[in-house]
Amino acid sequence: MSTFDLNSIIRENIKQLVPYSSARSEYGGSASIFLDANENSIASVLENGYNRYPDPLQKKLKRKISELKQVPIENIFLGNGSDEPIDLLIRATCVPGKDNILICPPTYGMYEVAAQINDVAIQKTVLTPDFQLDLGKILRQINDNTKLLFICSPNNPTGNLLNEKDITILVESFKGIVVIDEAYIDFAAEESWLQKLSNYPNLVILQTFSKAWGLAALRLGCAYSSAAIIEILNKIKAPYNISLLSQEAVLNTLSYEPVVKKWISLINEQRALLFDKLKQFSFIEKIFPSSANFILLRVNNANCLYEYLLQQNIVVRNRSSMPLCGNCLRITVGTSSENESLLNALKNYKP
Ligand SMILES: *Cc1c(COP(=O)(O)O)cnc(C)c1O
């Protein structure tokens, strides 16, 4: 078991930072005349109180998410997409030009980009050929300046879950923070790591409303972690990072969880059907099993097939240039008619 010391992980300037104190964070009571935030006191054309700044800590929405996820409010951070907590975690822990993060390609591109924007070095340990964590190499590559380890499970673009045992070993031995990105966990048969959150002071779990919940346009991502880590994220975020429009919209959709569950099973049915039907094509060399709402394929010529599909008005993601993904396309599971169109297009493809 590692002895995790948050104090040694957080940058000195962040520890000493006196955060911006907004009007709404200084006074959150129920006074009737608000003359403290230089808002337009008359109205907004949108009515419904849009002339007022929103709750900086989104307490009402967090209470609902807390009930839904069975996670205490103090362990929840809400961001403008999960991209916001990814950036904030890097900024909170990594001294530019000195510290580094470790990622396991092929994986989600934003970890690397967020690090680069912050002038933070990136260590890469490529996954094993079966897309699992290369534990030995990761443990050898981690150094005293490695502050964050990003793990994506189910992984984008490969679609598979990473072995729970391997992740456990990393969380228990790494002195920095392990971030498990669960953007696609709703589509997986296995459980989220959320239930184990309280066992690990160095664990951050990312989830999002952009995928299964069908709210990509709203931009709402969640980070779950210890109260101490959440406090730091809250301290350095933009004061009003989630608009009232987003807070209210998500609040109003949470009661539709049964509908979302239905969509998830429909998407998973379509995924199984696609997986099966794609086997008929000889130019598809490998269909990788997926626990997400997309499937990675290895084909004989990815660029060629990509261009052909574009001509048929079907756009997929060409992932050929990523490590271990030579000649691979990533295809999002569509509606049944979209998937039928895809299969028809493939039937007419002359490789
Ligand atoms: C889509 C995706 C996200 C979601 O990002 P948002 O900013 O919440 O829309 C996060 N991580 C991974 C791996 C993704 O594929």
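Residues numbered from 1 in each chain as written. Predicted model: local features only at pLDDT ≥ 70, side-chain atom pairs only at ≥ 80, totals over all residues. Heavy atoms only, no water.

(A) How the structure looks around the site of the ligand. Taken together, 13 residues lie around the ligand, and Asp 181, Tyr 184, Ser 210, Lys 211 and Arg 219 are the ones closest in. Here a nitrogen atom of the ligand and a side-chain polar atom of Asp 181 are 2.6 Å apart. For the ligand, whose accessible area on its own is 390 Å², the fraction buried by protein is 94%. (Near = heavy atom within 4 Å. Polar contact = N/O pair within 3.5 Å; in protein donor to acceptor, adjacent residues only side chain to side chain. Areas by Shrake-Rupley, 256 points an atom, 1.4 Å probe, with all protein chains shown as cover.)

(B) Broad picture of the sheet that holds strand β2 (residues 100–103). Spatially, seven strands are ordered β1-β7-β6-β5-β4-β2-β3 in an open sheet, and the strand pairing comes out mixed. At either margin of the open sheet sits one strand with a lone partner, and together these are β1 (76–79) and β3 (121–124). Neighbour-to-neighbour, the strand axes of this sheet turn through a mean angle of 25 degrees, independent of strand direction. With five bridges joining them, strand β4 (residues 146–152) and strand β5 (residues 177–181) adopt parallel strand pairing. (Pairing = 2+ DSSP bridges. Helix = DSSP H or I, 4+ residues; strand = E, 2+ residues; numbered from the N terminus. Axes fitted to C-alpha atoms, helices over the stretch in contact; angles between N-to-C directions.)

(C) Expanded view of the nonpolar core. Ile 65, Leu 133, Phe 209 and Tyr 224 are the most contacted members of the largest nonpolar core, which has 51 residues in total. For this core, the element with the most residues is helix α8 (residues 164–173), which contributes three residues. Excluding residues that lie within four positions of it along the chain, Phe 209 makes contacts with Ile 65, Gly 214, Leu 215, Ala 216, Leu 220, Cys 222, Val 250 and Leu 254. In this structure, Phe 77, Cys 94, Val 120 and Ile 236 belong to the second largest nonpolar core, which totals 31 residues. (Core = buried A, V, L, I, M, F, W, Y, C linked by side-chain atoms within 4.5 Å. Buried < 20%, exposed > 50% of the residue type's maximum accessible area, 1.4 Å probe, protein only. Contact = heavy atoms within 4.5 Å.)

(D) Main features of the environment of Asn 252. Tracing the backbone shows Asn 252 in helix α10 (residues 244–253). Among the residues examined, Asn 252 registers a relative accessible area of 54% and is labelled exposed. Once the C-alpha coordinates of Asn 252 and Ala 121 are considered, the two residues, 131 residues apart in sequence, prove to be 41 Å apart.

(E) The arrangement of helix α12 (residues 302–311) in detail. For α12, the full list of buried residues reads Ala 302, Leu 305, Tyr 306, Tyr 308 and Leu 309. Seen end-on, α12 carries its buried residues on one side only, within an arc spanning 165 degrees. Summarising the contacts, the buried residues of α12 are in contact with β9 (294–299), β10 (317–318), β11 (328–332) and α13 (336–347). For α12, the N-terminal cap is Asn 301; the gap from its side-chain oxygen to the backbone nitrogen of Asn 303 is 3.3 Å. Positive backbone phi, approximately 65 degrees, marks Asn 313, located one or two places after α12. (Arc of directions from axis to C-beta.)

(F) Seen up close, the side chain of Asn 155. Tracing the backbone shows Asn 155 in the loop between β4 and α8. Residues in contact with Asn 155, not counting those within four places in the same chain, are Pro 106, Thr 107, Leu 127, Asn 160 and Phe 294.

(G) Layout of the sheet that holds β11. The strand order β8-β9-β11-β10 describes an open sheet built from four strands, whose pairing is antiparallel. Pairing within the sheet leaves two strands with one partner each, and these edge strands are β8 (284–287) and β10.

(H) Structural detail: the packing of aromatic side chains. For the structure shown, the criterion picks out 11 aromatic pairs. Judged by centre distance (5.0 Å) and plane angle (55 degrees), the rings of Phe 131 and Phe 288 are tilted. With Phe 131 in the loop between β3 and α7 (135–141) and Phe 288 in the loop between β8 and β9, this pair connects stretches of sequence that are 157 residues apart. Like Phe 288, Phe 131 is buried. (Phe/Tyr/Trp six-rings, centres within 6.5 Å; stacked < 30°, edge-to-face > 60°.)

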